[in-house]
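# Commentary on secondary and tertiary structure
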Amino acid sequence: MDLKVATLVAGMVAGADSIEDMDLARHGGMPKLFAGCRAPTTLGTHLRGYAFGHVRQWDAVASRVLVNLAQATPLLGGADQIAYVDIDDTIRATHGYAKQGVGYGYTGIKGLNVQVATVSTPAAAAVIVGTRLRKGNAASGHGAPRMIADAVATAKKAGATGMITVRADSAYYNHDVITASMTAGAYFSVTARMDRAVTAAITRIPEQAWTGIKYPEAIWEEAEQRWISEAQVAEVPYTAFTS
């Protein structure tokens, strides 16, 4: 077990991004660095034996590594004031018909769905604070409440003791995601879907309530006497979830 895990970690550090690439851990001068390595087929069999309980164990390991790293380095500078936890998903294309969990998701690409949570600050780049590999046809927001709870908890342990804001797109616009963010002690910024209720609320906004935004790269159109590439924003009360 320990030898297989060490081989996997060594292979990833060396640049491997697939099971086939793990063979590089046995080439060149690698035997001088490691007392023993396992073949890619053996490592693949090992990984296929993982259950969700093992995944949660690795989540705990990854969390502790990040927390320790943040304590030893300025990884999340300014996290004691402001931090952002972003959650999103992406499709990773796969090839072949025997891949476990492969499916066609919302992009129309056959592959696996990866959900990722990151933490960042205005002064520090984003670092991964949580990941989850799901079936290719998994809904974007599936499992998001638990991911958010874990990500915020890890961020706090890593030094995010100030204001934390969870950010997500409209795929995560649901009551459970908002509740998870608030329960974790974080603010939230989630894009609302353009459903009938939202559209109706927009139409009720008075014209004078809108405020124009001029983008940094906007172009002034002399003929129309206005900025091209501009937007307007307005703030109004709205009850998103009533059930």
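Below is a short write-up of the structure. (Residues numbered from 1 in each chain as written. Predicted model: local features only at pLDDT ≥ 70, side-chain atom pairs only at ≥ 80, totals over all residues. Heavy atoms only, no water.)

## A short note on the pattern of salt bridges
In total, this model carries four salt bridges according to the counting rule given. Note that aspartate 150 and arginine 56 form a salt bridge whose closest N and O atoms lie 2.7 Å from each other. Taken together, the residues span a long stretch of sequence, with aspartate 150 in helix H5 (residues 144-157) and arginine 56 in helix H4 (residues 52-72) at a distance of 94 residues. For arginine 56, a relative accessible area of 28% corresponds to the partly exposed category. As a salt-bridge pair, aspartate 59 and arginine 132 come within 3.0 Å of each other at their nearest N and O atoms. Residue aspartate 59 is found in helix H4, and its partner arginine 132 is found in strand S4 (residues 124-134); the two are separated by 73 residues along the sequence. Residue aspartate 59 is classed as partly exposed on the basis of its relative accessible area, which comes to 22%. (Salt bridge = Lys/Arg side-chain N within 4 Å of Asp/Glu carboxyl O. Helix = DSSP H or I, 4+ residues; strand = E, 2+ residues; numbered from the N terminus. Buried < 20%, exposed > 50% of the residue type's maximum accessible area, 1.4 Å probe, protein only.)

## Quick word on the nonpolar core
In this structure, Val85, Ile87, Val119, Ile148, Val152 and Ile164 are the most contacted members of the largest nonpolar core, which totals 32 residues. Of all the secondary structure elements, the ones that give two or more residues to this core are H4, strand S1 (82-93), strand S3 (110-121), S4, H5, strand S5 (163-168) and helix H6 (175-183). Ranked by residues supplied to this core, first place goes to H5 with six residues. Setting aside chain neighbours within four positions, we find valine 119 in contact with Leu76, Ala83, Tyr84, Val85, Ala125, Ala126, Val127, Val129 and Ala155. (Core = buried A, V, L, I, M, F, W, Y, C linked by side-chain atoms within 4.5 Å. Contact = heavy atoms within 4.5 Å.)

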